[in-house]
Amino acid sequence: QVQLVESGGRLVQAGGSLRLSCAASGGTLSNYAMGWFRQAPGKEREFVAAINLSGSSSYYASSVRGRFTLSRDNAKNTVYLQMNSLKPEATAVYYCAAARVKTGALDSTEEYDYWGQGTQVTVSS
């Protein structure tokens, strides 16, 4: 079983930038499709971004497209979420997730097999 640990969440001002990291142990992230989700208190967990197994395709929620970038560094067994032009509505706990090879859409939480503990991102206005 692979363990995922997110880091990098903090308080930032609207319009600022932040990079979240997801480090893996017990497995190699290059064997998984990877996704980022976020959840605010009292709300459902929502899709943010994902990248397929080979890294040839990436997907973004319309709310973050053009401002967020998902990338992976196989040498460090780590994936990143670069967040630019942050808005207050981005305030949430952000979760990293890993999916074994599947046929379903990567914007669904049901496609993922492993989840990190989450890291808090707060965007002040």
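Given the structure is predicted, the values throughout are model-derived calculations rather than measurements.

1. Digging into the state of the cysteines
Counted under the stated rule, the structure contains one disulfide. Paired by a disulfide, Cys22 and Cys96 hold their sulfur atoms 2.1 Å apart. Handedness here is read from the sign of the S-S torsion; for Cys22 and Cys96, about -80 degrees, the answer is left-handed. Pair noted here: Cys22 is in strand 3 (residues 18-25) and Cys96 is in strand 9 (residues 92-99), with a separation of 74 residues, a long-range link. Here the two residues Cys22 and Cys96 agree in accessibility, since each one is buried.

2. A short note on the pairing of strand 8 (residues 78-83)
When you tally the buried positions in strand 8, you get five out of six residues, the bulk of the element. Examined bridge by bridge, strand 3 and strand 8 share six bridges and lie antiparallel to one another. When the sheet's bridge partners are listed, Leu18 is paired in strand 8 with Met83. Sheet topology places strand 7 (residues 68-73) next to strand 8; six bridges connect them, and they run antiparallel. Counted as the bridge partner of Leu70 is Leu81 from strand 8. From the end of strand 7 to the start of strand 8, which pair antiparallel, there are four residues, and Asn77 there has a positive phi angle of about 55 degrees.

3. Considerations on the packing of aromatic side chains
Evaluated as defined, the whole model comprises five aromatic pairs. Ring geometry for Phe37 and Tyr112: centres 5.2 Å apart, planes at 80 degrees, overall edge-to-face. With a gap of 75 residues between them, Phe37 in strand 4 (residues 33-39) and Tyr112 in the loop between strand 9 and strand 10 (114-115) connect regions that are remote in the sequence. The burial state of Phe37 is the same as that of Tyr112; both residues are buried. Measuring from centroid to centroid gives 5.2 Å for Phe37 and Trp115, while their planes differ by 55 degrees, and the two rings are tilted. Here Trp115 lies in strand 10 and Phe37 lies in strand 4, a separation of 78 residues in the sequence. On the accessibility criterion, Trp115 (28% relative accessible area) is partly exposed. Taken together, the aromatic side chains of Phe37, Phe47, Tyr112 and Trp115 make up a single cluster linked through ring pairs. Above the face of the Trp115 ring, Arg45 is positioned so that its terminal group lies 4.9 Å from the ring centre.

Basis of the calculations
Residues numbered from 1 in each chain as written. Predicted model: local features only at pLDDT ≥ 70, side-chain atom pairs only at ≥ 80, totals over all residues. Heavy atoms only, no water. Disulfide = S-S within 2.5 Å. Helix = DSSP H or I, 4+ residues; strand = E, 2+ residues; numbered from the N terminus. Buried < 20%, exposed > 50% of the residue type's maximum accessible area, 1.4 Å probe, protein only. Pairing = 2+ DSSP bridges. Phe/Tyr/Trp six-rings, centres within 6.5 Å; stacked < 30°, edge-to-face > 60°. Lys NZ or Arg CZ within 6 Å of the ring centre and 35° of its normal.

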